[in-house]
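Commentary on secondary and tertiary structure
Below, each chain spelled out in residue letters.
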Amino acid sequence: MEGVDASNLDFKNVGPRLNGELVDGFRCSVDELVIKVDKLEQRVNEVEKFYLNTSIKQPSTSKNTSSGKHKDKDKHVPGFKKLQQEASRRESAAAKRMQELMRQFGTILRQITQHKWAWPFMQPVDVEGLGLHDYYEIIDRPMDFSTIKNQMEARNGAGYKHIREIWADVGLVFKNAMKYNDEKSDVHLMAKTLQEKFEEKWLQLLPKVNEEEKRREEEEEDAQLNMQLAQEAAHAKIARDLCNELYEGDTHVEELREMVVRRCRKISIEEKRNLGIALTKLSPDDLSKALEIVAQNNPLFPASAEEVELDIDAQSELTLWRLKFFVKDALEVQDKSSSKGDNSNSANVAATNPNISAASKRKKEICDALVKKARKRNKKPSK
């Protein structure tokens, strides 16, 4: 029997009506689809990256769930602008509540500073005047009540932001004094006494502080959850839009293929014979791909069966032309591999074949993938 290779699958005179203008039109349409698909792939990657990060960094909602304050994920999800407005109002309200707590703390501080033993701690330590040459070697961060008062009265965001910052500085005043002065000294005793009185009064205010901190934590968790839900809603919309655009792209590709087939001449009996012989020359992997092409237009075709009977004459023109294109490319790859004695896979050989450009290969892969998807999507379930 006559041998068959890629040269036997002649593609000249594919169709007399496919003039240069039509070919250029098809090529332009395919180029536009390739660009569009590349953009869609980038958007798909963004969605996949978002959901991958979401699955890795799921916020802990056990506290909210146990307290009965966990928000229902099925509720209406606000937009990003509304979330920003809510965050601004929440921060403003929290700042006012914190100011009230610091005002109450100011009352405690006045009571401590009015004590008869508070005078050594009212102003910064006069290191030079008192000849305390080793003071800065022992005390890393000096603190006094006047500095604390100035910080509490500071405006334009330069003052304390949280009541615990003031509490820590007041405690530092006493710790510094007890650290630098001997336990038997008057200053050490005065600092220890005032510290005890201060802690007693602080314990009275502490429940309100804890309540405010818990409230802030819950509000922050709710805000993070709302933000995540808003992001998920936005990406879900992107995914829906992508599906619609992909479906339109699939439909467009299928229309182009059908249009090309209608303008192509019918495959002759001799070409069918050569095509059948060429199929037997394919590698097992390429033969499986060829059978998948047949199955795309004939869902009942057992492409994955161990033994398959393929009736070339029973195939549609679309299937035959697609098989011709595929077999031609596959045999060229095999011939190239054989001539070089290269055992690498066909993908690597195709990449080195000067007759098959990377751009053409990319277009073909995208078109085939889109057509495959279109075939599945066009089979809508009956209502």
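Residues numbered from 1 in each chain as written. Predicted model: local features only at pLDDT ≥ 70, side-chain atom pairs only at ≥ 80, totals over all residues. Heavy atoms only, no water.

In the annotation of an unreviewed UniProt entry, the entry for the chain reads Transcription factor GTE6, and the organism field reads Anisodus tanguticus.

Regarding the overall build of the chain
Looking only at helices and strands, one finds 12 helices and 0 strands in the chain. The N-to-C order of helical and strand elements in the chain reads α-α-α-α-α-α-α-α-α-α-α-α. Element-wise, carbon and sulfur atoms account for 52% of the exposed surface of the chain, whose accessible area totals about 24,500 Å². (Helix = DSSP H or I, 4+ residues; strand = E, 2+ residues; numbered from the N terminus. Areas by Shrake-Rupley, 256 points an atom, 1.4 Å probe, with all protein chains shown as cover.)

Focus: the packing of helix H5 (residues 145–153) against helix H6 (residues 163–180)
Here H5 crosses H6 at 170 degrees, and the two axes come no closer than 10 Å. If you check the angle between H5 and H6, you find them roughly antiparallel. Where H5 approaches H6, its residues Phe145, Ile148 and Met152 are matched on the opposing element by Ile166, Asp169, Val170, Val173 and Phe174. When the residues that make up the contact of H5 with H6 are grouped by side-chain class, the tally is 7 nonpolar, no polar and 1 charged. (Axes fitted to C-alpha atoms, helices over the stretch in contact; angles between N-to-C directions. Parallel < 35°, antiparallel > 145°, perpendicular 65-115°, else oblique. Contact = heavy atoms within 4.5 Å. Nonpolar A, V, L, I, M, F, W, Y, C, P; charged D, E, K, R; others polar.)

Quick notes on the pattern of salt bridges
All told, the structure shown has 11 salt bridges when counted by the stated rule. Glutamate 270 is paired through a salt bridge with arginine 273; the nearest N and O atoms lie 2.7 Å apart. Within this pair, glutamate 270 and its partner arginine 273 are both found in helix H8 (residues 269–280), separated by 3 residues, close to a single helical turn. According to the relative accessible area criterion, glutamate 270 is partly exposed, its value standing at 41%. Note that aspartate 313 and lysine 272 form a salt bridge whose closest N and O atoms lie 3.9 Å from each other. (Salt bridge = Lys/Arg side-chain N within 4 Å of Asp/Glu carboxyl O. Buried < 20%, exposed > 50% of the residue type's maximum accessible area, 1.4 Å probe, protein only.)

Examining the nonpolar core
The biggest cluster of nonpolar side chains holds 29 residues, and the ones touching the most others in it are Phe145, Ile148, Ile163, Val170 and Phe174. Looking at this core, the elements that each hand over two or more residues are helix H3 (80–113), H5, H6 and helix H7 (186–263). Among all residues touching isoleucine 148, those that are not within four sequence positions of it are Leu109, Met143, Tyr160, Ile166, Asp169, Val170 and Val173. Counting residues in each nonpolar core, the second largest holds 19 residues, with Leu275, Leu279, Leu291 and Val294 among its members. (Core = buried A, V, L, I, M, F, W, Y, C linked by side-chain atoms within 4.5 Å.)

Observations concerning helix H9 (residues 284–297)
Taking 1.5 Å as the rise per residue, H9 with 14 residues should run 20 Å; its terminal C-alpha atoms sit 21 Å apart, in good agreement. Those residues of H9 not exposed but buried are Asp286, Ala290, Leu291, Ile293, Val294 and Gln296. (Expected span 1.5 Å × (residues − 1).)

Digging into the packing of aromatic side chains
For the structure on display, the rule yields 9 aromatic pairs. Summarising the aromatic geometry, the rings of phenylalanine 145 and phenylalanine 174 are spaced 5.9 Å apart at their centres and angled 75 degrees between planes, so their arrangement reads as edge-to-face. Here phenylalanine 145 is found in helix H5, whereas its partner phenylalanine 174 is found in helix H6, with 29 residues between them in sequence. No difference in accessibility class separates phenylalanine 145 from phenylalanine 174, as the two residues are buried. Judged by centre distance (5.6 Å) and plane angle (20 degrees), the ring pair of tryptophan 167 and tryptophan 202 falls under stacked. Remark: tryptophan 202 occurs in helix H7 and tryptophan 167 occurs in helix H6; sequence separation between them is 35 residues. (Phe/Tyr/Trp six-rings, centres within 6.5 Å; stacked < 30°, edge-to-face > 60°.)

Brief notes about the side chain of aspartate 286
In this structure, aspartate 286 sits in helix H9. One buried charge, aspartate 286, has no salt-bridge partner; the nearest side chain with opposite charge is lysine 289, at 4.3 Å. (Lys, Arg positive; Asp, Glu negative; His and termini not counted.)

Describing the confidence of the model for the chain
The predicted model of the chain has a mean per-residue pLDDT of 77, with 73% of residues at 70 or higher. Ranking the elements of the chain by mean pLDDT puts helix H11 (residues 346–352) last with 41 and H6 first with 96. When the criterion is pLDDT under 50, residues 373–383 qualifies, and its contacts beyond four places in sequence or with other chains add up to 14 contacts. (pLDDT = per-residue confidence, 0-100.)

Remarks on the side chain of glutamine 296
Along the polypeptide, glutamine 296 turns up in helix H9. Looking at glutamine 296, its side chain comes within polar contact range of the side chain of arginine 322, at 2.6 Å. (Polar contact = N/O pair within 3.5 Å; in protein donor to acceptor, adjacent residues only side chain to side chain.)

Overview of H8
An α-helical turn contains 3.6 residues, so a residue and the one three or four places further along point in the same direction. Under the 1.5 Å per step criterion, the end-to-end length of H8 is 17 Å for 12 residues, consistent within 8% with the ideal 16 Å. Inspection of H8 places Glu271, Lys272, Asn274, Leu275, Ile277, Ala278 and Leu279 among the buried residues, and these make up the whole buried set.

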